[in-house]
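# Structural description and commentary
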Amino acid sequence: QVQLVESGGGLVQPGGSLRLSCAASGSIFGIYAMGWYRQAPGKQRELVAIVTSADTTNYADSVKGRFTISRDNAKNTVYLQMNSLKDEDAAVYYCNADELGDEYWGQGTQVTVSS
């Protein structure tokens, strides 16, 4: 079973940047897709970005052009670089591993956007 630990959340002003990290307990080389999701108070959890084992990416329209997902197989880590942050980006961000049958989630890291 893959264990995931997120880090990098915190308080940032609108227009600022944060980089989230998701460290996996083992190799992520064979995992079909790694992704970031977020859940704001009163909202459903939503997809933010996905990167596949083939290094293709997909983003929610709301973050396209501002966020970048990447994976470092040597470090067993997935990143989410968040730029030009907006108030609506505030949420708990969760890392996800999709093995095409089994899914694993991290505990989440809080991102707060406030002036």
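This text goes with the structure placed above it.
Computed from a prediction, not measured in an experiment: that's the story for all the values here.

Reading guide: rules and limits
Residues numbered from 1 in each chain as written. Predicted model: local features only at pLDDT ≥ 70, side-chain atom pairs only at ≥ 80, totals over all residues. Heavy atoms only, no water. Disulfide = S-S within 2.5 Å. Helix = DSSP H or I, 4+ residues; strand = E, 2+ residues; numbered from the N terminus. Buried < 20%, exposed > 50% of the residue type's maximum accessible area, 1.4 Å probe, protein only. Pairing = 2+ DSSP bridges. Axes fitted to C-alpha atoms, helices over the stretch in contact; angles between N-to-C directions. Core = buried A, V, L, I, M, F, W, Y, C linked by side-chain atoms within 4.5 Å. Contact = heavy atoms within 4.5 Å. Phe/Tyr/Trp six-rings, centres within 6.5 Å; stacked < 30°, edge-to-face > 60°. Lys NZ or Arg CZ within 6 Å of the ring centre and 35° of its normal.

## Considering the state of the cysteines
Cysteine pairs can be linked by a disulfide, which is a covalent bond between their two sulfur atoms. Scanning the model with the defined rule gives one disulfide in all. Each sulfur in the disulfide pair Cys 22 and Cys 95 lies 2.0 Å from the other. Disulfide Cys 22 to Cys 95: torsion about the S-S bond roughly -85°, handedness left-handed. Taken together, the positions of Cys 22 in strand β3 (residues 18-24) and Cys 95 in strand β9 (residues 91-98) put the pair 73 residues apart, joining distant regions of the chain. Cys 95 shares its class with Cys 22; the two are buried.

## Overview of the sheet that holds strand β8 (residues 77-82)
Read from one edge of the open sheet, four strands run β1-β3-β8-β7, paired in antiparallel fashion. Strands with a single pairing partner mark the edges of an open sheet, and in this sheet they are β1 (4-7) and β7 (67-72). For this sheet, the mean inter-axis angle between neighbouring strands, taken without regard to orientation, is 15°. For β1 and β3, the ladder comprises four bridges, and the chain directions are antiparallel. Bridge assignment links Leu 4 to a residue of β3, and that residue is Ala 24.

## As for the nonpolar core
Of all hydrophobic cores here, the largest spans 30 residues; its most connected members are Leu 4, Met 34, Trp 36, Leu 80, Met 82 and Tyr 93. What Tyr 93 contacts, discounting residues up to four positions off in sequence, is Glu 6, Leu 20, Trp 36, Tyr 37, Arg 38, Val 48, Phe 67, Leu 80, Met 82, Gly 108, Thr 109 and Val 111.

## Some points on the environment of Asp 102
Looking at the secondary structure, you find Asp 102 in the loop between β9 and β10 (103-105). Of the residues examined, Asp 102 reaches a relative accessible area of 42% and is grouped as partly exposed. For Asp 102 and Gln 1, which are 101 residues apart along the polypeptide, the C-alpha to C-alpha distance reads 9.0 Å.

## Things to note about the packing of aromatic side chains
Describing an aromatic ring pair means giving the distance of the ring centres and the angle of the ring planes. The final tally for this structure, using the stated rule, is one aromatic pair. On the basis of an interplanar angle of 65° and a centroid distance of 5.0 Å, the ring pair of Tyr 37 and Trp 105 is categorised as edge-to-face. Note that Tyr 37 is positioned in strand β4 (residues 33-39) and Trp 105 in strand β10, a separation of 68 residues in sequence. The side chain of Arg 45 reaches across the aromatic face of Tyr 94, ending 3.8 Å from its centre. For Arg 45, the ring lying beneath its charged end belongs to Trp 105, and the centroid distance is 4.7 Å.

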